Each structure stands twice: as C-alpha cells, then as structure tokens.
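Letter by letter, the chains look like this.
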Amino acid sequence: MAASELKWKNTALLVIDMQKDFILPGGPMHVKGGEAIVPNVIKAVEVARSRSIPVIWVVREHDPLGRDVELFRRHLYAADKPKPTSKGSVGAELADGLVIKDGDYKLVKMRFSAFFNTHLHSYLQGAGVNKLVIIGVQTPNCIRQTVFDAVALDYPKVTVIVDATAAATPDIHIANIIDMTNVGVATPTLDEWCKSDN
C-alpha cells in the first residue's frame, strides 16, 4: 500500500441521497441546491477512489405503497401521488454522472440518518473505518442526522465537504454547517479536502 493510501486507510466517503427525485428540477423531493453540487460530488468520488477510500452510496428506495416511509410523507405514496424514490423507479436512480462501480458499496436507508435501522455502523467497524467524509443532500435532514449519529457513535473524525452538500437555500445550508462545526465536525471546501493529507 502506497504511503498516500495509508493516510486514508481508515476513511470512508458517504454519498447521501444523490438521486434524481432529490436532484432534478421538478422532482417530487427536489432540493434546490442539489443540481449545482453534482460536479463536486463527482470529483469527490473520483478523489476518494484515487486514494483507495471506500465509497458508500447511501440511498432511499421505498416501497411503492409507502409502507416504509416516515408518517409525515406517506401522503406522497397515495394512488395519484409521485411516490418519491420508490424502488425500481427512475427517481430512485442516481443523478446523471454518478455511477456505482465495482468495489463501491450501496446502502439503502428509510430515514434521515444513514445509521438509523441500517447496518452501516457494523459495516464500517468491520472495514476498520473510523473517519467519515460526507457529501450529498440535504444538509438539514439526511446530512445532519447522519453526522450527528456519527458524532454520537464516537467516530473520531467526521468531515462534511461544504460545497459538495446542499440544502433548499444557502442560508439553511450554512446554518446547519455552523451547527455541525460547533460539535467538532470538519467542514472544508472540496478544494481544501483534495489538498489535505487526512
């Protein structure tokens, strides 16, 4: 293993909810800032792969009848409704340019946090991962919940790349980034992260 790879040995990249229903304008769960970060998400994934950092694609894939979705969203799964990120739907696919490759890992979640009722923590422990880099959408919901769970689980280093995450508005995004910074989360730009050695 090269010295540069050793620096990143215990790190994983979590790419959260970069699916068409969240990213594309007109999607039923559209995050206004989502489309703008796609190029940075692509670059972050490329850099992670070049550093031999495992890439974990965290996605929602719901039952088309909404039986596994949060109560406050169940109305979106009625017969005449859009059924966001239903398993097998176009909206559940990753946004254009994002591709799960051999060696990547796909994790399906049903709630905001990638840790809630999933095997993510045990998967990361088994892989020897104790440092997380998190990108995707959206900052006040799935990003924040995943980050705060990682902090609660005592991951010693949690990083959120500020310009590879997004929310409905810049103000919402920045307010949540500040909250995460206040609990010890690193919040570099993509350029800063690309130039860092750990």
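Because the structure is a prediction, the values reported are computed rather than measured.

So, how was this worked out
Residues numbered from 1 in each chain as written. Predicted model: local features only at pLDDT ≥ 70, side-chain atom pairs only at ≥ 80, totals over all residues. Heavy atoms only, no water. Helix = DSSP H or I, 4+ residues; strand = E, 2+ residues; numbered from the N terminus. Buried < 20%, exposed > 50% of the residue type's maximum accessible area, 1.4 Å probe, protein only. Expected span 1.5 Å × (residues − 1). Bend = angle between axes of the 7 residues up to and from the residue. Contact = heavy atoms within 4.5 Å. Phe/Tyr/Trp six-rings, centres within 6.5 Å; stacked < 30°, edge-to-face > 60°.

Q: Just checking my understanding: could you explain unusual backbone geometry for this structure?
A: With glycine set apart, most residues show a phi of negative sign, and most peptide bonds adopt trans. With an omega of -20 degrees, the peptide bond between valine 137 and glutamine 138 qualifies as cis. One non-glycine residue, serine 52, lies in the positive phi region at around 60 degrees. As for its placement among the helices and strands, serine 52 is situated in the loop between helix H3 (34–50) and strand E2 (55–60). On the accessibility criterion, serine 52 (46% relative accessible area) is partly exposed.

Q: Looking at this model, I keep getting lost on H3. Mind explaining?
A: End to end, H3 covers 24 Å across 17 residues, agreeing with the expected 24 Å (1.5 Å per residue, within 8%). By the largest-angle criterion, asparagine 40 marks the main kink of H3, which is about 30 degrees. Looking at H3, one finds that the buried residues are Gly34, Ile37, Val38, Val41, Ala44, Val45, Val47 and Ala48. Residues of H3 that are buried make contact with strand E1 (11–16), helix H2 (20–23), E2, strand E4 (131–137), strand E5 (157–166) and helix H7 (190–195). Just beyond H3, the residue with positive phi is serine 52, at close to 60 degrees.

Q: Quick question: what am I supposed to make of the packing of aromatic side chains here?
A: Geometry of an aromatic ring pair is reported as the spacing of the ring centres plus the angle between the planes. What the rule picks out here adds up to four aromatic pairs. Ring centres 6.3 Å apart and planes at 50 degrees place the aromatic pair phenylalanine 72 and phenylalanine 112 in the tilted group. Taken together, the residues span a long stretch of sequence, with phenylalanine 72 in the loop between E2 and strand E3 (105–109) and phenylalanine 112 in the loop between E3 and helix H4 (120–126) at a distance of 40 residues. Classification of phenylalanine 112 as partly exposed rests on a relative accessible area of 21%. Between tyrosine 105 and tyrosine 123, the aromatic rings sit 4.1 Å apart at their centres with planes inclined by 15 degrees, giving stacked as the arrangement.

Distances and angles like these do not, on their own, reveal function.
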